[in-house]
Amino acid sequence: MSYAVDFTDVSTVGLESSPVADALAGLRANEARYFKNKYDHVFTVEPADKAKSTIEWIHTILEKERGIVIASPPLEATAFQVENIKIAYVFYESGLSINVMYTVDDDGKRAVGFKLSDGMEIPEELSKFKFARQKSKLAGTIRGSYFVIKNEY
């Protein structure tokens, strides 16, 4: 069942199995607030078993671009397009969030972003990345990193 993420009343719905469920819910709400404020888009996620094509698309990009395989099981995902940008997110049990921002135009910007929930360790498969910190009222301290996508997907 899909879930429209509420950023005023943060809920752990769908994330209960995460050891950092509250922080991950805050991170998810932070993303929902961003897309509502910037694009007037309602951030809606669905369980991983219903979002297999989105998860597969992100995992393919990670594997082909950097040889990365995420160890943690995915809990939820979403995919949507705002303006000329295709956007996809996967939220993992470990507290990790991965997003792809893929400009549809041939010469557009394309990148993969990683965000770590407050209280989680950097996963081994992402240990080569440097993570910057940012504060969020909804998510506490978010650590983030990214890489630019070089190929087409």
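Look up: the structure comes first, before these words.
Just so it is clear, the model here is predicted, and its values are computed rather than measured.

Regarding the environment of Ser94
Turning to step 1, where the next piece is worked out: As for its position among the elements, Ser94 is in the loop between β4 (85-92) and β5 (96-103).
Turning to step 2, where the next piece is worked out: Taking the C-alpha atoms as reference, Ser94 lies 8.9 Å from Ala21; in sequence the two are 73 residues apart.
Turning to step 3, where the next piece is worked out: With residues up to four places along the chain from it excluded, the contact list for Ser94 reads Ser18, Val20, Ser72 and Met120.

Some words on the pairing of strand β6 (residues 110-116)
Each regular strand displays side chains that alternate between the two surfaces of the sheet.
Turning to step 1, where the next piece is worked out: Taking burial as the measure, the seven residues of β6 include six buried ones, the bulk of the element.
Turning to step 2, where the next piece is worked out: Sheet analysis places β5 next to β6, joined by seven bridges and oriented antiparallel. Looking at the pairing, Asn99 lines up with Gly113 of β6.
Turning to step 3, where the next piece is worked out: Between β5 and β6, which pair antiparallel in sequence order, lie six residues.

Some thoughts on the packing of aromatic side chains
Turning to step 1, where the next piece is worked out: Considering all chains together, one arrives at 14 aromatic pairs under this definition.
Turning to step 2, where the next piece is worked out: A centroid spacing of 6.0 Å and a plane angle of 20 degrees characterise the contact between Phe35 and Tyr39, whose relative ring orientation is stacked. Here Phe35 and its partner Tyr39 are both found in helix α1 (residues 21-39), four residues apart, which amounts to about one turn of the helix. This pair shows no difference in class: Phe35 is buried, exactly as Tyr39 is.
Turning to step 3, where the next piece is worked out: Aromatic pair Phe114 and Phe147: ring centres 6.0 Å apart, planes at 40 degrees, arrangement tilted. Separated by 33 residues along the polypeptide, Phe114 in strand β6 and Phe147 in strand β8 (residues 140-148) bring together distant segments of the chain. You'll find Phe114 and Phe147 in the same group, each marked buried.
Turning to step 4, where the next piece is worked out: Sitting over the ring of Trp57, Lys86 keeps its end group 4.2 Å from the ring centre.

Quick look at unusual backbone geometry
A negative phi angle characterises most non-glycine residues, just as the trans form characterises most peptide bonds.
Turning to step 1, where the next piece is worked out: Unusually for a residue other than glycine, Asp40 sits at a positive phi of about 55 degrees.
Turning to step 2, where the next piece is worked out: One can find Asp40 in the loop between α1 and β2 (44-47).
Turning to step 3, where the next piece is worked out: In this model, Glu83 sits at a positive phi of 50 degrees, which is unusual for a non-glycine residue.
Turning to step 4, where the next piece is worked out: Within the element layout of this structure, Glu83 appears in the loop between β3 (74-82) and β4.
Turning to step 5, where the next piece is worked out: For Glu83, a relative accessible area of 66% corresponds to the exposed category.

What counts, and at which threshold
- Along every chain, residues carry numbers that run from 1 in the direction the sequence is written.
- The predicted origin of the model limits local features to residues at a pLDDT of at least 70 and limits the giving and counting of side-chain atom pairs to 80 or more, whereas totals for whole chains, interfaces and linings rest on all residues.
- Side-chain calculation: all heavy atoms of the structure are included, whereas hydrogens and water are not.
- Secondary structure elements are taken from DSSP: a helix is a run of H or I of four residues or more, a strand is a run of E of two residues or more, and numbering for both begins at the N terminus.
- Contacts are residue-level and defined by heavy atoms, with any inter-residue pair within 4.5 Å sufficient.
- Here's how the labels work: a residue is buried when its accessible area is under 20% of the maximum for its type, exposed when over 50%, partly exposed in between, all with a 1.4 Å probe on protein chains only.
- Two strands qualify as a pair provided that DSSP identifies no fewer than 2 bridges between them.
- Pairing of aromatic side chains here covers Phe, Tyr and the six-membered ring of Trp, requires ring centres within 6.5 Å, and sorts the geometry by plane angle: under 30 degrees stacked, over 60 edge-to-face, intermediate tilted.
- Here, a charge over a ring means that NZ of Lys or CZ of Arg falls within 6 Å of the ring centre while also lying within 35 degrees of the ring normal.

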